[in-house]
Amino acid sequence: NSSEASPSFLLAGLPGLEGAQCWLSIPLCSAYVLAVAGNGAVLLAVRLEPGLHAPMYLFLCMLAAVDLALATATVPRTLSFYWFGSREIGLGACLLQMFLIHALSAVESAVLLAMAVDRYVAICHPLRHAAVLTTGTTAKVGLLALARGVVFFLPLPLLLLPLPFCGPRALSHSFCLHQDVMNLACANTTPSVVYGLTAILLVMGLDALLICLSYLLILRAVLRLAAWRERLKVFSTCIAHICVVLAFYVPLIGLSVVHRFGKDLAPLVHVIMGNVYILVPAVLNPIIYGVRTKQIQRRIL
């Protein structure tokens, strides 16, 4: 009765590779350490370099903080399973982790949209850039992004909390995701399905469309320039942001496709795609901006 009142779930390991799980967790741990060191270095570099106290780099700080929080909400728990065999996770801890993953992903999506708008204003309306994107405006955008993530994704765990769960309760990832947990419920999950899909479309889907619109406007402005060298110089200021957007949305789309159409795929594919979704942006973002920004390079060195 106690088990039914407070159900628990079983995290997915590395199917077929259980004997080598401890050794195969070393790349995961290394990626996490690299993500923490890289994003921490970016935060410190922007903090110490007065020339980087501009909206674009303040947004980069927000991105680094979100990546740190997202990786820390998932990877240490996964490593404790791989190293110490603690596979079981309680309902409360699972729902909290699920909420953090989805809410922080929504915050990251909003920050990427804000960075795209920053590039649009800087290229298409350069004289108005300093007046439109002030430090105060940047802070308000960050708070709004955080509030939107909490408001849209807090109902997800609340909708799942009262549902009964049955069967083996084995997850297909090494952390808790909404669709994964929802599929284990022994009750009608239609409200949860509808709300989850609506939230994803209104948040990540809308952000992606607006980012594409921003770059279409930027591209139109760049093509109006006469010289090819000038076009390349202007558009090169967007390269780092485009790479960061791809590093976030490509794993997100890949994970969604695996969930929707990958029922016949090997379980290992689900585990790997989940870890890629969490760690690839966190590892790549500081590398991309570190390579593209000389002031960050100097401060890190």
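Residues numbered from 1 in each chain as written. Predicted model: local features only at pLDDT ≥ 70, side-chain atom pairs only at ≥ 80, totals over all residues. Heavy atoms only, no water.

**Concerning a nonpolar patch on the surface**
On the surface, Leu-34, Leu-284, Ile-287 and Val-291 cluster together into a nonpolar patch covering about 340 Å² of accessible area. Among the elements that make up the nonpolar patch, the one with the highest residue count is helix α12 (residues 267–292) (3 residues). The residue Leu-34 is located in helix α2 (residues 21–48) in this model. (Patch = residues over 30% accessible without salt bridge, like charges linked within 9 Å, V, L, I, M, F, W, Y side chains within 5 Å. Areas by Shrake-Rupley, 256 points an atom, 1.4 Å probe, with all protein chains shown as cover. Salt bridge = Lys/Arg side-chain N within 4 Å of Asp/Glu carboxyl O. Helix = DSSP H or I, 4+ residues; strand = E, 2+ residues; numbered from the N terminus.)

**A few points about the packing of helix α3 (residues 55–84) against α12**
At a closest axis distance of 9 Å, the pairing of α3 and α12 adopts a crossing angle of 145°. The chirality of how α3 crosses α12 is left-handed. For the pair α3 and α12, the contacting residues are Met-56, Leu-60, Leu-63, Asp-67, Leu-70, Ala-71, Thr-74, Val-75 and Tyr-82 in the first and Val-271, Asn-275, Ile-278, Leu-279, Pro-281, Ala-282, Asn-285 and Tyr-289 in the second. Here the residues of the contact of α3 with α12 are counted per class, giving 13 nonpolar, 3 polar and 1 charged. (Axes fitted to C-alpha atoms, helices over the stretch in contact; angles between N-to-C directions. Left-handed = near helix turned anticlockwise from the far one by under 90°. Contact = heavy atoms within 4.5 Å. Nonpolar A, V, L, I, M, F, W, Y, C, P; charged D, E, K, R; others polar.)

**Some remarks on the UniProt feature "transmembrane region" (unreviewed entry) in the chain**
Per the UniProt annotation, the sites labelled "transmembrane region" (unreviewed entry) are residues 23–45, 57–75, 95–117, 129–154, 193–218, 239–262 and 268–291. Taken end to end, residues 95–117 is 100% helix and 0% strand, and its two terminal C-alpha atoms sit 33 Å from one another. (UniProt positions renumbered as here; feature names shortened; annotations may be inferred.)

**Section: helix α6 (residues 135–153)**
For α6, spanning 19 residues, the distance from its first C-alpha to its last is 27 Å, which sits close to the expected 27 Å at 1.5 Å a residue. Of all the residues in α6, the buried ones are Thr-138, Gly-142, Ala-145, Arg-148, Gly-149 and Phe-153. What you see down the axis of α6 is that its buried residues fit within an arc of 125°, all on one side. Looking at α6, the residues exposed on the side facing more than 90 degrees away from the buried face are Lys-140, Leu-143, Leu-144 and Val-151. On its buried face, α6 sits against α3, α4 (91–124), α7 (155–160) and α9 (190–223). (Expected span 1.5 Å × (residues − 1). Buried < 20%, exposed > 50% of the residue type's maximum accessible area, 1.4 Å probe, protein only. Arc of directions from axis to C-beta.)

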